[in-house]
Amino acid sequence: MLQEEEDLSLTIAQIVQKLKGSRLYAQLERQAWVSLQKPEIKLETLKEDIKEFFRITGWEKKLHNAVYSELTVFPLPRHPAAPPEHLKEPLVYMRKAQGSWEKRILKSLNSMCTELSIPLARKRPVVEQKELLNKWNEMGTDEPDLSLFRPVYAPKDFLEVLINLRNPNYENGEHLNFKTHLGLIQVPLKVKYISELKEFFVELSLNTGQLGIDDATQVPPELFENEHVRLGQKVLAEQDSAAAQQYIRQGSPTALRAELWALILNVSNQPEDLLYYEQLKSNVIQHDLLVDSLIYKDVKLTASNDDYYFVFEDYLYQVLLCFSRDTAVLGHFAYNSASPPKSYIRGKLGMEDYAVFYPPNGVIPFHGFSMYVAPLCFLYHEPSKLYQIFREMYVRFFFRLHSISSHHSGIVSLCLLFETLLQTHLPQLFYHLREIGAQPLRISFKWMVRAFSGYLATDQLLLLWDRILGYNSLEILAVLRPRVA
Amino acid sequence: MGGGRGRGRKRAPALLRQRDAQAGEGRGGHFQAGWGGPQKSGRRCNVQTEESMFEDSWCAKSERAGPESMYPIQVHSPEYSYGCPPPQAWLGRSERLTRKNYMVKNLKRFRKQLEREVGKLEAAKCDFFPKTFELPSDYHLFVEEFRKTPGITWIMKPVARSQGKGIFLFRKLKDIMDWRKDVGRSDDQKDDIPVENYVAQRYIENPYLIGGRKFDLRVYVLVMSYIPLRAWLYRDGFVRFSNTRFTLSSIDDHYVHLTNVAVQKTSPDYDPEKGCKWMIQRFRQYLTSKHGPEMVETLFRDMDNIFIKSLQSVQKVIISDKHCFELYGYDILIDQDLKPWLLEVNASPSLAASSQEDYQLKTCLLEDTLHIVDMEASTHRAAHGSVEGKACLLRLYRRKQAYGSRLAWLTGKEKRVGGFDLMWNDGPVSREEEGIDTAGTGNFVANTHLGCNNDRKKQLRQLFCSFHSQKKVTS
């Protein structure tokens, strides 16, 4: 009991600490001062009156939402003596594997750099800056010569690394025995059973209405759809993050989706956000990074060739280029098993004083990275809002899809969950695929790394991502894959 | 040409004569099927039906025919050829709707009539056609209008061409001065050979943009008869994007302004793999998530209005024949205020497919067209046809047969057949079931589902099953 209380107060203290630095705190303070002018506020009951004032004017709700949003990414309570690496990834062998994977990526990037003799970063000449500024809204029309660039890695390379993961404490032996997993992933992680999944995803059960199924033309709208839409509008009127997250588990109506997602991710388009985006934009214009060319190449290869997303090419550049300059993203490495790569000023290798993170946000894009952004273009049309939503989605969910960790939403667990489900419930299919030499994971891995973007029709994809937001977990992806298979 | 039944053979007007020359032999019959690649370079043939055998036949000759290139078929079954109108009147059929100058004239006349008979409000519903002037005949009127609003952009389109050929934009009168000189000369000629007429139309400068690109919609409307007017609207359609970002600064860049696929295909960065098309469902969802369902409903209702009014305006001039039908491709442009504008109506919309999805759409469209046309089962021979063309037709026919009927199984009371919804049946068609009096409550919802879910296979199966069960009952 005491321990729990201690943990709770620790959590509260940490969240308060974090929020104190945010602009919401400043706004609340300002509002409190303003409220002193009001006649309802009396000196004797100052605290209660101000609280009441906050409640009426909706500021309390905003605070609720901010706290809720912090809690979703807050780490689980852990042993007080554990070092910070444990927050990133508790299992040592996983950390090691991630470390060596990162070294490989960096090596590949550096070798491309030396081969093409392009600096990792350079300042743009003024003429070029002006040109880029003019072309900012139509960067897709640019046709730079990207033939020599290749993506740093593709999902299949990553899959090979995952297949070779081994827990040194777990004796599998060289030969196949009954403990060997039939699938590709050979790591003994705990994944949910079907019964646990059923409990977890209780809102997706057959007797609960779902958008996407129960709003089909044959079903009269009075049965489910109308009520659900009304409920959605009510949730939006209340501006309650937690309620929205609960609501969206049954799918979101098309017209309300953009606002619901913004509410759940606690993204609002304040002037400060616009300014921040403009700042990032000017960073892009002033400096040219090697990573930019990788982004260009990726967009041209993937999104531009997609039947539905080719239209949004320009938005993708605007978002991704700014994303790579955003140092705020570095914050998520506290709970990501990956670490941002460091680069040293020429000649000062090894000296920490001269190290910078490269790229500034620490994320090196791989083949297919731009597909994370593409479906969002359907919902958001101002670049700054689109950017914020993407950033939130990335630091909450997408980063787990391409880093090695034992987290239950991490890609390794998702793969294992997929294979286990397939083996348990569709054993004949699994066996048949193995026999013909097509391990099911090889087929469906790339679907999962991209969170099905580009592989599912947009409306269905957005419904799927509704559930990801609703359950705050990527496990739905692993559950969907056997259904698709 | 002509009824071929001893009617006085009138001298067919020049346009038709031109076609005859191309066609080589064959006269009589009243169908045409164009075949060929996307450039529509097929020949049009007319086939003898003298002795007739009541059989449908159409000819297929193509340079690059293949299963993917199918063409619009305007079939006037020869069994009814007896009553078919002579070629001049035939000329007066779809041309009234599809030639841009005729379209404008008819709409203006219809608008005046509505204003007289019903009122200004109803007449205002006809304002979906941008201000157009026929040149050279209305040149002075055009100049007057031009001078009234200086600085705006106008677009010049040849009346009878397609695929974006011959179109250009201009802002100054001097751009068309040279063109005028040529015209002055030919005024004296009273030849039947039609001079290439142009229309000058006000260019819509604030089109709705998606991803910075301009686009237009292609929607399919099937008209079974004009008097009484019976029209069906297909649920699917597509949105054609221009390949480059929209800007008013470069009006010479065709690739920016013209969205025809034919023009885009020649654009330097056209990639046939990616195509520049969206299905209308996706477009409808995009708009709903951006503007909300009510505004989108209004937009689609306005589009329905365009279809109906445009057909009504030519109702009296087109010689109606119960045994003829026509499939039109409507081109609609949407501006920033979500107002739809009619660009043009195509009598023979291209049915060449640029992608798998496109192919799906067009094959289903044709299949459903044939269902509705309800062709009698008889041998279909392709005369003058290439082997692939024949095979393609047979495949179409067999697919129709797959639904099992060789008899007319459409009772004529259906409001939906596959992907087609009955839009107008001598009056608006309501989504509600018959018998429920919705007119009184004012909650009339039109029976159109453009951009909505198209579960046509299911619907066709239901239709067929109900027919079958009816048969069992009666027999």
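Once a new chain begins, its residue numbering starts again from 1 and follows that chain's sequence as written. Starting at A for chains and at 1 for ligands, labels are handed out in the order in which the entities are written. For this predicted model, a pLDDT threshold of at least 70 governs which residues receive local features, and a threshold of 80 or more governs which side-chain atom pairs are given and counted, while totals over whole chains, interfaces and linings are taken from all residues. Note: side-chain values were computed over all heavy atoms of the structure, leaving out hydrogens and water.

In the nomenclature of an unreviewed UniProt entry, chain A corresponds to TBC1 domain family member 19 from the organism Monodelphis domestica.

1. What to know about the overall build of chain B
Runs of H or I in DSSP of at least four residues are treated as helices and runs of E of at least two as strands, each being numbered from the N terminus. Scanning chain B from N- to C-terminus turns up 15 helices and 16 strands. Taking all 475 residues of chain B together, the buried fraction comes to 57%. Expressed as a percentage of contacts within chain B between residues at least 6 apart in sequence, the contacts between residues at least 24 apart total 71%. Remark: exposure states derive from per-residue accessible area (1.4 Å probe, protein chains only) relative to the maximum for the residue type, with buried under 20%, exposed over 50%, and partly exposed in between. Any two residues whose heavy atoms approach within 4.5 Å at even a single point are treated as in contact.

2. Considering the interface of chain A and chain B
Accessible area lost upon the coming together of the parts serves often as the stated size of an interface. Each partner contributes residues to the interface: chain A has 24 residues there, and chain B has 25 residues. In this assembly, chain A packs against chain B so that about 2200 Å² is buried in total across both faces, 54% of it on carbon and sulfur atoms. Buried area, as used here, totals the accessible surface that two parts lose on assembly, with accessibility defined by a 1.4 Å probe and the loss added over both. When the area that chain A buries against chain B is broken down by residue, the three leading residues are Tyr308(A), Phe310(A) and Val311(A), summing to 29%. Salt bridges are defined as contacts in which a side-chain nitrogen from Lys or Arg sits within 4 Å of a carboxyl oxygen from Asp or Glu. Joining chain A to chain B, the criterion identifies 2 salt bridges. With its nearest N and O atoms 3.7 Å apart, the salt bridge here joins Asp459(A) to Arg282(B). Any N or O atom pair separated by 3.5 Å or less is treated as a polar contact, with the protein-specific requirement of one donor-capable and one acceptor-capable atom, and with residues adjacent in sequence counted only for side-chain atom pairs. On inspection of chain A and its partner chain B, the count reaches 6 residue pairs in polar contact (both at pLDDT 80 or more).

3. Let's talk about the packing of aromatic side chains
Between 30 and 60 degrees the pair is tilted, below 30 it is stacked and above 60 it is edge-to-face, where a pair is any two Phe, Tyr or Trp rings, Trp via its six-membered ring, whose centres lie within 6.5 Å. Per the stated rule, a full pass over the model turns up 46 aromatic pairs over all chains. Geometrically, the ring pair formed by Trp101(A) and Phe158(A) is tilted, given 5.4 Å between the ring centres and 40 degrees between the ring planes. Within this pair, whereas Trp101(A) is found in helix α6 (residues 92-116), its partner Phe158(A) is found in helix α8 (residues 155-163), the two being separated by 57 residues in sequence. Of the two residues examined, Trp101(A) and Phe158(A), each falls in the buried class. Among the aromatic side chains, those forming a connected cluster through ring pairs are Trp101(A), Tyr153(A), Phe158(A), Phe323(A), Phe366(A), Phe369(A), Tyr372(A), Phe390(A), Tyr394(A), Phe398(A), Phe445(A) and Trp465(A). Ring-over charges, as used throughout, are those where CZ of Arg or NZ of Lys falls within 6 Å of the ring centre and within 35 degrees of the ring normal. Stacked on the ring of Phe300(B), the Lys or Arg Arg284(B) has its end atom at 4.2 Å from the ring centre. Over the ring of Trp341(B) we find Lys339(B); its NZ or CZ atom is 4.6 Å from the centre of that ring.

4. Remarks on the domain arrangement of chain A
Residue and element names in this part refer to chain A. Segmenting chain A into domains produces domain 1 (1-77) and domain 2 (85-192 + 269-479). The source of the domain bounds is an automatic or database domain assignment. For domain 1 versus domain 2, the separation of C-alpha centres amounts to 35 Å. Between domain 1 and domain 2, the residue contacts involve 6 residues of the former and 7 residues of the latter. Between domain 1 and domain 2, the buried area comes to about 590 Å², and carbon and sulfur atoms account for 50% of it. Across the domain 1-domain 2 interface, the total number found is 0 salt bridges. Elements represented by at least two residues in the side of domain 1 that touches domain 2 include exactly α2 (23-35) and α4 (59-73). Broken down by element, the side of domain 1 that touches domain 2 gets its largest block of residues, 3 residues, from α4. Residues are grouped as follows: nonpolar covers Ala, Val, Leu, Ile, Met, Phe, Trp, Tyr, Cys and Pro; charged covers Asp, Glu, Lys and Arg; every other residue, Gly included, is treated as polar. Of the residues that constitute the side of domain 1 that touches domain 2, the class distribution is 2 nonpolar, 3 polar and 1 charged.

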